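# Remarks on the overall topology
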Amino acid sequence: MSSRLEQQARPDSMLINMGPSHPAMHGTIRIMLELDGERILNSEVEVGYLHRAFEKTCESRTYFNLLIYTDRLNYVSPLINNLGYAMTMEKMLGLEIPERAQYIRVVMSELSRISDHLTCLAAMAMETGAFTAFLYKMKAREFLWDVIEQTTGARMTTSYIRIGGVRADLHPDFHVALKKGIEETRAVLKDVHGLLDKNKIFLNRTRDVGVISKEDAVAYGWTGPCLRSTGVAYDVRKAFPYSSYDRLDFEIPLGDRGDNYDRYMVRMREMDQSLRIIEQAAARLPGTAKALTAGGLEPAEAIRASRNVRVREDIQLSPNLEGSEKKRYPGLMASSPGFVVPAKDDTYTSIEGLIRHFKFFMKGHGIRPPRGEVYFSVEGGNGELGYYIVSDGTDRPWRLHLRAPCFHVVSALEQLIQGRYVADVIPTFGSMNMIGGELDR
Amino acid sequence: MAEEKTLAVLERRFPGRVRPAPVPPEDEVVEIEKSDLLEVAAFLKTPPQDFSMLLDLTCVDYAPGTPRFEMVYHFFSLPRLRRLRVKTRLEESDLKIASLTSLWKNANWLEREVFDLFGVAFDGHPDLRRLFMYEGFEGHPLRKDYPLRFRQPRIKMRP
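Note that this is a predicted model, so its numbers are computed, not measured.

On to the packing of helix H7 (residues 174–196) of chain A against helix H12 (residues 260–284) of chain A, then. Residues and elements named next belong to chain A. In the contact formed by H7 and H12, the axes pass within 11 Å of each other and the chain directions differ by 160°. Taken together, H7 and H12 sit at an angle that is classed as roughly antiparallel. When the axes of H7 and H12 are compared, the crossing they make is left-handed. On the side of H7, the interface is formed by His175, Leu178, Ile182, Thr185, Arg186, Leu189, Val192, His193 and Leu196, while H12 contributes Tyr264, Met265, Met268, Met271, Asp272, Leu275, Arg276, Ile278, Glu279 and Ala282. For the contact of H7 with H12, the residue count by class is 12 nonpolar, three polar and four charged.

Right, here's the structure in full:
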């Protein structure tokens with residue numbers, strides 16, 4: 001068996017492979033090109049090199065456990081994947097999320113969105129020869145990831161947003177780090193605007209290259225910045241506001257031509273909006289209980305004391321809990337005992353707490369949503385990130401399907417590069433922000 | 001005035017051929033017969049329904065239940081900002097359904113994915129091949145009877 005392209009190719013044309021391992025194919029994807037000189041007559045995109053059976057694996061994991069797999073979908077913005085999954089489950093279970101957790105989620109998901117856009121544009125800039133812009137953007141991303149790492153403990157595999165809320169409270173120095181991150185990112189965005197916006201080389205490679213019409217973009221199921229670059233104002237955050245986006249003030253930047261340059265510009269301007277959202281949300285964060293700093297028994301002391309009489313004093317479990325103390329739970333987690341992780345303070349200090357802990361994590365117990373199915377989506381870095389979950393009433397999903405935004409975007413690649421030159425593949429592909437983990441699942 | 005439910009519109013247009021889902025969730029869900037799919041989809045795509053976007057298309061394996069498979073389509077109407085889920089059941093013995101590639105371009109890859117992972121054939125699909133798996137892969141991994149840790153036989157080296 002040979003591919004469609006090989007069968008249809010003209011005898012005098014040349015067949016050439018780009019990828020699956022190619023420096024400009026960030027992510028493993030194979031594009032077979034049928035060339036007449038430098039011109040692309042036909043092409044065929046082959047995906048699946050990063051297929052990790054995400055959906056199959058999820059069917060054998062409990063609802064709580066499979067959260068970590070969602071980190072690995074769009075690995076540049078894991079927090080948005082966490083959010084999408086958590087919110088789908090919350091819709092299924094009917095949970096009410098505390099206001100503080102909602103604002104934390106907004107801040108985190110916008111930080112991820114910026115890092116997603118920065119990564120995409122950095123790679124795109126580098127591949128068109130603008131290495132300085134690449135380094136600047138990577139620098140900004142590091143500052144944002146510092147903020148994320150401080151609170152969540154990881155740069156990429158965060159698993160921070162959980163069903164029912166968020167895992168832990170923000171780091172005490174969060175606002176300081178965030179302020180620095182925002183300042184640095186603003187400075188970088190300004191620099192990059194200066195470097196690229198009117199750069200002749202960059203314009204030649206992107207203006208009127210990879211053009212898609214409004215109608216085609218919709219027919220291909222495009223969403224996110226790529227759809228908005230064609231002038232269609234669809235953003236899940238505005239159309240179906242979730243978390244607290246309806247209480248925040250932001251705009252949806254639009255393009256008009258739907259070419260690579262518009263996709264670049266929409267992403268650049270979206271980052272400005274995301275910074276605005278972060279500032280508003282961070283300013284509105286409701287207060288929280290202070291961590292237990294002094295007083296309280298050390299765990300060993302508590303165990304000794306409990307041999308004679310039940311300990312009534314607070315037990316000093318912090319700093320190991322890193323912001324997930326029971327006192328803070330009302331601001332972070334929904335108050336639905338069966339669906340959220342029991343507070344560690346209880347687990348370690350009372351038998352009832354220990355039993356609740358086991359009941360939550362034991363096979364066959366834990367989170368068991370009612371039978372039914374649910375679809376929910378959030379605005380991911382690439383567009384509408386939707387989860388479709390079918391529950392059969394047990395503690396693991398019967399079926400979990402991810403609507404990956406870049407799946408739909410990349411499926412239009414063949415059409416966009418048809419009749420163009422080989423060099424146009426690079427910026428066109430770069431502006432799509434294909435993420436292997438999300439596309440291949 | 002509240003907008004009319006798509007279900008009501010569909011019931012008027014296709015009397016007796018459209019059913020509401022047994023448990024009405026928050027989303028709008030309708031069930032149809034598989035032979036009506038193309039007709040219903042074309043009706044939904046045109047204004048005034050205007051579900052211009054095929055948001056998602058997937059399959060669920062309900063083994064050992066019968067009919068075993070269920071196709072799930074998510075349509076989205078941009079001007080009206082509304083989603084609709086259309087479901088239809090497929091018998092294991094007749095695992096075939098009309099392709100939507102003539103109406104939506106992204107149906108091409110989506111249907112290839114379902115063909116790859118579930119083995120559902122799509123009538124009228126221009127290029128029905130596996131999408132994620134390689135040529136020579138045996139079985140359809142998202143079916144319930146495909147074991148999680150199943151090892152595939154080696155395939156011949158390709159020229």
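Further notes follow.
Let's shift gears to the sheet that holds strand E2 (residues 29–32) of chain B. Residues and elements named next belong to chain B. Read from one edge of the open sheet, five strands run E1-E2-E5-E4-E3, paired in mixed fashion. One side of each edge strand has no neighbouring strand; the edge strands of this open sheet are strand E1 (18–20) and strand E3 (53–61). If you compare each strand with its neighbour and ignore which way they point, the axes differ by 25° on average. Pairing geometry for E2 and strand E5 (residues 82–90), over three bridges, is parallel. Pairing of Val29 across the sheet is with Arg85, part of E5.

Listed by partner, the interface residues are 45 residues for chain A and 47 residues for chain B. Interface of chain A and chain B: buried area, both sides summed, is about 3,900 Å²; carbon and sulfur atoms make up 58% of it. If you sort the residues of chain A by the area they bury against chain B, Lys56, Glu373 and Trp398 of chain A come out on top, with a joint share of 17%. For the pair chain A and chain B, the number of links is seven salt bridges. Here Lys87 of chain B and Glu373 of chain A are joined by a salt bridge, their closest N and O atoms 2.9 Å apart. Put simply, chain A and chain B have 23 residue pairs in polar contact (both at pLDDT 80 or more) between them. Among the elements that line the side of chain A that touches chain B, the one with the most residues is strand E6 (residues 372–379) of chain A, at four residues. Its residues assigned to classes, the side of chain A that touches chain B shows 21 nonpolar, 11 polar and 13 charged.

Moving on, we get to helix H3 (residues 107–118) of chain B. Residues spaced three or four apart along an α-helix point in a common direction, a consequence of the helix completing one turn every 3.6 residues. Residue and element names in this part refer to chain B. Here H3 is 12 residues long and its end C-alpha atoms lie 16 Å apart, about the 16 Å a rise of 1.5 Å per residue gives. Of all the 12 residues making up H3, 10 are buried; the element is thus mostly covered by neighbouring parts of the structure. What H3 keeps buried is the set Ala107, Trp109, Leu110, Glu111, Arg112, Glu113, Val114, Asp116, Leu117 and Phe118. Backbone geometry just downstream of H3 places Gly119 in the positive-phi region, at approximately 80°.

Another point: the packing of helix H1 (residues 6–13) of chain B against helix H2 (residues 37–45) of chain B. All names here are of chain B. Between H1 and H2, the shortest axis-to-axis distance is 12 Å and the interhelical angle comes to 125°. If you check the angle between H1 and H2, you find them oblique. Crossing of H1 over H2 shows right-handed handedness. Facing Thr6, Val9, Leu10 and Arg13 of H1, the residues of H2 in contact are Glu39, Val40, Phe43 and Leu44. Split into classes, the residues belonging to the contact of H1 with H2 amount to five nonpolar, one polar and two charged.

Strand pairing in a sheet relies on backbone hydrogen bonds, with the paired strands running either antiparallel or parallel. All names here are of chain A. With respect to topology, three strands assemble into an open sheet ordered E1-E2-E3, the strand pairing being antiparallel. Sheet topology places strand E1 (14–18) and strand E3 (39–46) at the edges, where each strand pairs with a single neighbour. Direction aside, the axes of adjacent strands within the sheet are offset by 25° on average.

Right, let's talk about the pairing of strand E4 (residues 69–77) of chain B for a bit. Residues and elements named next belong to chain B. With nine of its nine residues buried, E4 lies for the most part within the structure. Side chains Phe69, Met71, Tyr73, Phe75 and Ser77 of E4 all project onto a buried face; the interleaved residues Glu70, Val72, His74 and Phe76 project onto the opposite face, where all are buried too. Here eight bridges tie E3 to E4, and the two strands are oriented antiparallel to one another. Directly across from Asp56, in E4, lies its bridge partner His74.

Turning to the environment of Tyr242 of chain A, a few remarks are in order. When you line up the elements, Tyr242 of chain A lands in the loop between helix H11 (236–239) and H12. Between the alpha carbons of Tyr242 of chain A and Val378 of chain A there is a distance of 7.6 Å; along the sequence they are 136 residues apart.

So, on to the pairing of strand E8 (residues 399–403) of chain A. Residue and element names in this part refer to chain A. The element E8 is extensively covered by neighbouring structure, given that five of its five residues are classed as buried. Where strand E7 (residues 384–391) meets E8, five bridges bridge the pair, whose relative direction is antiparallel. Among the inter-strand pairings, Gly386 is bridged to a residue of E8, identified as Arg403.

The subject of this paragraph is the side chain of Ser159 of chain A. Residues and elements named next belong to chain A. As for its position among the elements, Ser159 is in the loop between helix H6 (131–152) and strand E4 (161–162). Exposure remark for Ser159: the relative accessible area of 11% places this residue in the buried category. Within the local environment of Ser159, its side chain forms a polar contact with the side chain of Asp71, the two groups lying 2.5 Å apart. Among all residues touching Ser159, those that are not within four sequence positions of it are Leu67, Ile68, Asp71, Asn82 and Arg167.

With that settled, consider a nonpolar patch on the surface. Residue and element names in this part refer to chain A. A cluster of nonpolar residues, Met126, Phe131, Leu135, Tyr136 and Leu195, forms a patch on the protein surface that exposes about 410 Å² of accessible area. By residue number, the principal contributor to the nonpolar patch is H6, which donates three residues. Inspection of the secondary structure assignment puts Tyr136 in helix H6.

Further remarks concern the confidence of the model for chain B. For chain B, mean pLDDT is 84; residues scoring 70 or higher make up 94% of the total. In the model of chain B, E1 of chain B stands out as the element of lowest mean pLDDT, 75, in contrast to H3 of chain B, which has the highest, 91.

With the rule as written, the count across this model stands at zero disulfides over all chains. Not part of a disulfide, Cys226 of chain A finds its nearest cysteine sulfur in Cys120 of chain A, a span of 7.4 Å. Judged by its relative accessible area of 1%, Cys226 of chain A falls in the buried class. Among the cysteines around Cys59 of chain B, which has no disulfide bond, Cys58 of chain A carries the closest sulfur, lying 17 Å off. Judged by relative accessible area, which is 0%, Cys59 of chain B ranks as buried.

Calculation notes
- Residues numbered from 1 in each chain as written.
- Chains lettered and ligands numbered in written order.
- Predicted model: local features only at pLDDT ≥ 70, side-chain atom pairs only at ≥ 80, totals over all residues.
- Heavy atoms only, no water.
- Axes fitted to C-alpha atoms, helices over the stretch in contact; angles between N-to-C directions.
- Helix = DSSP H or I, 4+ residues; strand = E, 2+ residues; numbered from the N terminus.
- Parallel < 35°, antiparallel > 145°, perpendicular 65-115°, else oblique.
- Left-handed = near helix turned anticlockwise from the far one by under 90°.
- Contact = heavy atoms within 4.5 Å.
- Nonpolar A, V, L, I, M, F, W, Y, C, P; charged D, E, K, R; others polar.
- Pairing = 2+ DSSP bridges.
- Buried area = accessible area lost by both parts, 1.4 Å probe.
- Salt bridge = Lys/Arg side-chain N within 4 Å of Asp/Glu carboxyl O.
- Polar contact = N/O pair within 3.5 Å; in protein donor to acceptor, adjacent residues only side chain to side chain.
- Expected span 1.5 Å × (residues − 1).
- Buried < 20%, exposed > 50% of the residue type's maximum accessible area, 1.4 Å probe, protein only.
- Patch = residues over 30% accessible without salt bridge, like charges linked within 9 Å, V, L, I, M, F, W, Y side chains within 5 Å.
- Areas by Shrake-Rupley, 256 points an atom, 1.4 Å probe, with all protein chains shown as cover.
- pLDDT = per-residue confidence, 0-100.
- Disulfide = S-S within 2.5 Å.

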